[in-house]
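Examination of the molecular architecture
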Amino acid sequence: MVDVLYFAWVRERIGVPKESVETSASTVADLVTELSAREERYAAAFADISALRVAVDQELTEFDASIKGAREVAFFPPMTGG
Amino acid sequence: MKISVQSEAFDLGAESTAFAQGHQDQGAIVTFTGIVRDNPEGTLQKMTIEHYPGMTEKALSEIAAQAVERWSLGDALVIHRYGDLAPGEMIMMVATASRHRKNAFEAAEYLMDYLKSRAPFWKKEFLKDGAEWVDAKQEDEDSLTRWE
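Everything quoted here is computed from the prediction, not taken from an experiment. (Residues numbered from 1 in each chain as written. Chains lettered and ligands numbered in written order. Predicted model: local features only at pLDDT ≥ 70, side-chain atom pairs only at ≥ 80, totals over all residues. Heavy atoms only, no water.)

Moving on, we get to the overall build of chain B. For chain B, the helix and strand inventory stands at 4 helices and 8 strands. Put simply, chain B runs from its N terminus to its C terminus through helices and strands in the order β-α-β-β-α-β-β-β-α-β-β-α. For 148 residues, the compact-globule estimate of 2.2 N^0.38 gives 15 Å, and the C-alpha radius of gyration of chain B, at 16 Å, lies within 12% of that figure. Along the first, second and third principal axes, the C-alpha set of chain B runs to 50 × 35 × 30 Å. Per-residue burial over chain B gives 45% buried out of 148 residues. A total of about 7500 Å² of accessible surface is found on chain B, and carbon and sulfur atoms cover 48% of it. Averaging the positions of the 16 positive and the 25 negative side-chain charges in chain B gives two centres separated by 2 Å. (Helix = DSSP H or I, 4+ residues; strand = E, 2+ residues; numbered from the N terminus. Rg over C-alpha atoms; globule rule 2.2 N^0.38 Å. Buried < 20%, exposed > 50% of the residue type's maximum accessible area, 1.4 Å probe, protein only. Areas by Shrake-Rupley, 256 points an atom, 1.4 Å probe, with all protein chains shown as cover. Lys, Arg positive; Asp, Glu negative; His and termini not counted. Charge placed at Lys NZ, Arg CZ, Asp CG, Glu CD.)

Okay, structure coming up:
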(Lines give C-alpha, C1' and ligand atoms only; values in the text may rest on other atoms or scores of the structure.)
Protein backbone atom coordinates (compact mmCIF):
# COMPACT_ATOMS: atom_id res chain seq x y z
CA MET A 1 0.00 0.00 0.00
CA VAL A 2 1.18 3.47 -0.83
CA ASP A 3 -0.43 6.81 -0.08
CA VAL A 4 -0.97 8.78 -3.29
CA LEU A 5 -1.46 12.54 -2.96
CA TYR A 6 -2.69 15.04 -5.53
CA PHE A 7 -2.36 18.80 -5.49
CA ALA A 8 -3.79 21.81 -7.35
CA TRP A 9 -5.56 20.99 -10.64
CA VAL A 10 -4.45 17.34 -10.44
CA ARG A 11 -6.39 17.07 -7.16
CA GLU A 12 -9.41 18.77 -8.73
CA ARG A 13 -9.36 16.54 -11.79
CA ILE A 14 -9.02 13.29 -9.83
CA GLY A 15 -11.47 14.46 -7.18
CA VAL A 16 -9.63 13.46 -4.00
CA PRO A 17 -6.59 14.93 -2.22
CA LYS A 18 -5.26 11.57 -1.03
CA GLU A 19 -5.93 7.86 -1.30
CA SER A 20 -4.31 4.58 -0.34
CA VAL A 21 -3.48 2.49 -3.37
CA GLU A 22 -2.80 -1.23 -3.49
CA THR A 23 -0.14 -1.53 -6.16
CA SER A 24 2.62 -3.76 -7.42
CA ALA A 25 4.14 -0.94 -9.50
CA SER A 26 7.89 -0.64 -9.17
CA THR A 27 8.28 2.87 -10.61
CA VAL A 28 6.28 6.10 -10.66
CA ALA A 29 5.62 5.58 -14.37
CA ASP A 30 4.19 2.09 -13.68
CA LEU A 31 1.92 3.55 -11.01
CA VAL A 32 0.71 6.20 -13.48
CA THR A 33 -0.09 3.46 -16.02
CA GLU A 34 -1.99 1.47 -13.38
CA LEU A 35 -4.02 4.47 -12.22
CA SER A 36 -4.75 5.65 -15.77
CA ALA A 37 -6.22 2.23 -16.61
CA ARG A 38 -8.63 2.47 -13.66
CA GLU A 39 -10.91 5.32 -14.63
CA GLU A 40 -11.19 8.17 -17.09
CA ARG A 41 -10.53 10.86 -14.45
CA TYR A 42 -7.03 9.39 -13.85
CA ALA A 43 -6.35 9.04 -17.56
CA ALA A 44 -7.37 12.69 -18.02
CA ALA A 45 -5.14 13.92 -15.18
CA PHE A 46 -2.14 11.89 -16.39
CA ALA A 47 -2.68 12.49 -20.13
CA ASP A 48 0.43 14.67 -20.39
CA ILE A 49 2.95 13.79 -17.70
CA SER A 50 5.39 16.37 -19.06
CA ALA A 51 2.98 18.89 -17.45
CA LEU A 52 3.33 17.15 -14.07
CA ARG A 53 5.89 16.83 -11.31
CA VAL A 54 6.25 13.99 -8.84
CA ALA A 55 7.62 13.61 -5.32
CA VAL A 56 8.37 10.26 -3.67
CA ASP A 57 8.46 10.44 0.12
CA GLN A 58 8.43 14.24 -0.15
CA GLU A 59 11.50 14.50 -2.41
CA LEU A 60 11.14 15.76 -5.98
CA THR A 61 12.10 13.05 -8.43
CA GLU A 62 11.56 11.75 -11.98
CA PHE A 63 8.87 9.47 -13.38
CA ASP A 64 11.34 6.60 -13.81
CA ALA A 65 12.14 6.66 -10.06
CA SER A 66 11.51 3.54 -7.96
CA ILE A 67 8.60 3.49 -5.52
CA LYS A 68 9.64 0.24 -3.87
CA GLY A 69 9.16 0.70 -0.13
CA ALA A 70 7.86 4.26 -0.61
CA ARG A 71 5.22 5.50 1.84
CA GLU A 72 4.01 8.47 -0.18
CA VAL A 73 3.86 9.45 -3.86
CA ALA A 74 2.57 12.91 -4.79
CA PHE A 75 1.55 14.28 -8.19
CA PHE A 76 1.18 17.98 -8.93
CA PRO A 77 1.70 20.66 -11.59
CA PRO A 78 4.91 22.74 -11.68
CA MET A 79 5.15 24.75 -8.48
CA THR A 80 4.28 28.43 -8.26
CA GLY A 81 5.59 29.66 -4.92
CA GLY A 82 6.99 33.03 -3.97
CA MET B 1 17.44 29.88 10.69
CA LYS B 2 13.70 30.40 10.83
CA ILE B 3 11.30 28.68 8.45
CA SER B 4 7.57 29.25 8.85
CA VAL B 5 4.68 28.03 6.70
CA GLN B 6 1.55 29.67 8.04
CA SER B 7 -1.94 30.79 7.08
CA GLU B 8 -1.96 33.89 9.26
CA ALA B 9 -0.50 37.27 8.27
CA PHE B 10 2.99 38.23 9.47
CA ASP B 11 4.33 41.57 10.63
CA LEU B 12 7.12 42.52 8.22
CA GLY B 13 8.56 45.16 10.57
CA ALA B 14 8.53 42.92 13.63
CA GLU B 15 10.00 39.97 11.72
CA SER B 16 12.76 42.13 10.20
CA THR B 17 13.64 43.71 13.55
CA ALA B 18 13.70 40.34 15.32
CA PHE B 19 15.87 38.91 12.54
CA ALA B 20 18.38 41.77 12.90
CA GLN B 21 18.77 41.22 16.65
CA GLY B 22 21.87 39.42 17.86
CA HIS B 23 23.85 39.64 14.64
CA GLN B 24 26.53 42.18 15.61
CA ASP B 25 29.01 40.39 13.37
CA GLN B 26 26.77 40.74 10.31
CA GLY B 27 26.93 44.07 8.47
CA ALA B 28 24.12 43.51 5.98
CA ILE B 29 20.52 42.37 6.09
CA VAL B 30 18.43 42.04 2.95
CA THR B 31 14.70 41.38 3.04
CA PHE B 32 12.33 40.63 0.18
CA THR B 33 8.54 40.60 0.44
CA GLY B 34 6.09 39.14 -2.07
CA ILE B 35 2.65 40.73 -2.41
CA VAL B 36 -0.59 39.44 -3.98
CA ARG B 37 -0.67 41.41 -7.24
CA ASP B 38 -3.97 42.39 -8.86
CA ASN B 39 -4.11 42.39 -12.66
CA PRO B 40 -4.27 45.70 -14.58
CA GLU B 41 -8.06 45.29 -14.98
CA GLY B 42 -8.48 45.04 -11.22
CA THR B 43 -10.53 41.84 -11.37
CA LEU B 44 -8.66 39.70 -8.82
CA GLN B 45 -10.99 38.83 -5.94
CA LYS B 46 -8.58 36.64 -4.01
CA MET B 47 -5.67 34.25 -4.35
CA THR B 48 -5.65 30.82 -2.74
CA ILE B 49 -2.32 29.17 -2.06
CA GLU B 50 -2.20 25.41 -1.66
CA HIS B 51 0.85 23.60 -0.31
CA TYR B 52 2.12 20.14 0.57
CA PRO B 53 2.33 19.99 4.39
CA GLY B 54 5.52 18.24 5.45
CA MET B 55 7.31 18.54 2.13
CA THR B 56 7.00 22.34 2.10
CA GLU B 57 8.83 22.80 5.41
CA LYS B 58 11.47 20.28 4.33
CA ALA B 59 12.05 21.89 0.93
CA LEU B 60 12.27 25.42 2.38
CA SER B 61 14.71 24.27 5.08
CA GLU B 62 16.93 22.62 2.49
CA ILE B 63 16.92 25.65 0.20
CA ALA B 64 17.68 28.01 3.10
CA ALA B 65 20.48 25.74 4.39
CA GLN B 66 22.05 25.71 0.92
CA ALA B 67 21.95 29.52 0.80
CA VAL B 68 23.50 29.80 4.27
CA GLU B 69 26.35 27.50 3.28
CA ARG B 70 27.01 28.90 -0.20
CA TRP B 71 27.09 32.58 0.87
CA SER B 72 28.41 32.02 4.42
CA LEU B 73 25.33 33.73 5.82
CA GLY B 74 25.02 34.55 9.48
CA ASP B 75 21.32 33.68 9.28
CA ALA B 76 18.37 33.22 6.94
CA LEU B 77 14.59 33.43 7.31
CA VAL B 78 11.70 32.28 5.13
CA ILE B 79 8.02 32.91 5.93
CA HIS B 80 5.45 31.71 3.38
CA ARG B 81 1.68 31.84 3.77
CA TYR B 82 -1.00 29.54 2.42
CA GLY B 83 -4.79 29.77 2.25
CA ASP B 84 -6.88 32.71 1.04
CA LEU B 85 -5.18 36.06 0.46
CA ALA B 86 -6.61 39.36 -0.79
CA PRO B 87 -4.89 41.62 -3.35
CA GLY B 88 -2.18 43.65 -1.61
CA GLU B 89 -1.63 41.15 1.19
CA MET B 90 1.88 39.89 1.89
CA ILE B 91 2.38 36.32 0.69
CA MET B 92 5.89 35.67 1.86
CA MET B 93 9.21 37.12 2.92
CA VAL B 94 12.84 36.08 2.96
CA ALA B 95 15.66 37.68 4.93
CA THR B 96 19.38 37.06 4.76
CA ALA B 97 22.19 38.30 7.02
CA SER B 98 25.82 38.40 5.96
CA ARG B 99 29.00 40.29 6.73
CA HIS B 100 28.74 42.34 3.51
CA ARG B 101 25.78 43.27 1.32
CA LYS B 102 26.74 41.42 -1.88
CA ASN B 103 26.29 38.00 -0.32
CA ALA B 104 23.05 39.00 1.39
CA PHE B 105 21.55 40.28 -1.90
CA GLU B 106 22.68 37.25 -3.92
CA ALA B 107 21.50 34.76 -1.32
CA ALA B 108 18.08 36.46 -1.15
CA GLU B 109 17.75 36.16 -4.95
CA TYR B 110 18.80 32.53 -4.80
CA LEU B 111 16.20 31.82 -2.10
CA MET B 112 13.50 33.49 -4.17
CA ASP B 113 14.46 31.73 -7.41
CA TYR B 114 14.46 28.33 -5.74
CA LEU B 115 11.36 28.65 -3.67
CA LYS B 116 9.37 29.88 -6.70
CA SER B 117 10.00 26.69 -8.66
CA ARG B 118 11.06 24.08 -6.10
CA ALA B 119 8.93 24.61 -2.99
CA PRO B 120 5.54 22.85 -3.25
CA PHE B 121 3.14 25.81 -3.42
CA TRP B 122 0.41 26.36 -6.01
CA LYS B 123 -1.46 29.61 -6.57
CA LYS B 124 -5.03 29.84 -7.77
CA GLU B 125 -6.48 33.19 -8.79
CA PHE B 126 -10.17 33.90 -8.32
CA LEU B 127 -11.19 36.53 -10.85
CA LYS B 128 -14.57 38.18 -11.32
CA ASP B 129 -15.38 35.80 -14.16
CA GLY B 130 -13.89 32.54 -12.85
CA ALA B 131 -10.94 30.86 -11.19
CA GLU B 132 -7.69 29.59 -12.66
CA TRP B 133 -4.47 28.01 -11.49
CA VAL B 134 -1.43 30.18 -12.09
CA ASP B 135 0.88 28.60 -14.68
CA ALA B 136 4.55 28.20 -13.84
CA LYS B 137 6.66 30.52 -15.98
CA GLN B 138 9.49 29.22 -18.13
CA GLU B 139 11.54 32.29 -17.16
CA ASP B 140 11.32 31.23 -13.49
CA GLU B 141 12.66 27.80 -14.41
CA ASP B 142 15.37 29.39 -16.56
CA SER B 143 16.48 31.68 -13.75
CA LEU B 144 17.62 28.62 -11.77
CA THR B 145 20.34 27.84 -14.30
CA ARG B 146 22.42 30.84 -13.29
CA TRP B 147 23.02 29.27 -9.88
CA GLU B 148 24.37 25.99 -11.26
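Once that is clear, we can look at the sheet that holds strand E5 (residues 83–85) of chain B. Hydrogen bonding along the main chain pairs the strands of a sheet, whether they run parallel or antiparallel. Residues and elements named next belong to chain B. Here 4 strands make up an open sheet; going across it, the order is E5-E3-E7-E8 and the pairing antiparallel. Since the sheet does not close on itself, it has two edges, and those belong to E5 and strand E8 (130–133), each with one partner. This sheet shows a mean twist of 25 degrees between the axes of neighbouring strands, independent of strand direction. In terms of strand pairing, strand E3 (residues 44–51) meets E5 through 3 bridges, oriented antiparallel. Of the residues in E5, the one forming a bridge with Ile49 is Gly83. (Pairing = 2+ DSSP bridges. Axes fitted to C-alpha atoms, helices over the stretch in contact; angles between N-to-C directions.)

Let's shift gears to helix H2 (residues 28–38) of chain A. Residue and element names in this part refer to chain A. Among the residues making up H2, those that are buried are Val28, Leu31, Val32 and Leu35. All buried residues of H2 lie within an arc of 100 degrees about the axis, which places them on one face of the element. Residues of H2 that are exposed and point more than 90 degrees away from the buried face comprise Thr33 and Ala37. Here the buried face of H2 lies against strand E1 (2–6), strand E2 (18–21), helix H3 (40–45), strand E3 (53–56) and strand E5 (72–76). (Arc of directions from axis to C-beta. Contact = heavy atoms within 4.5 Å.)

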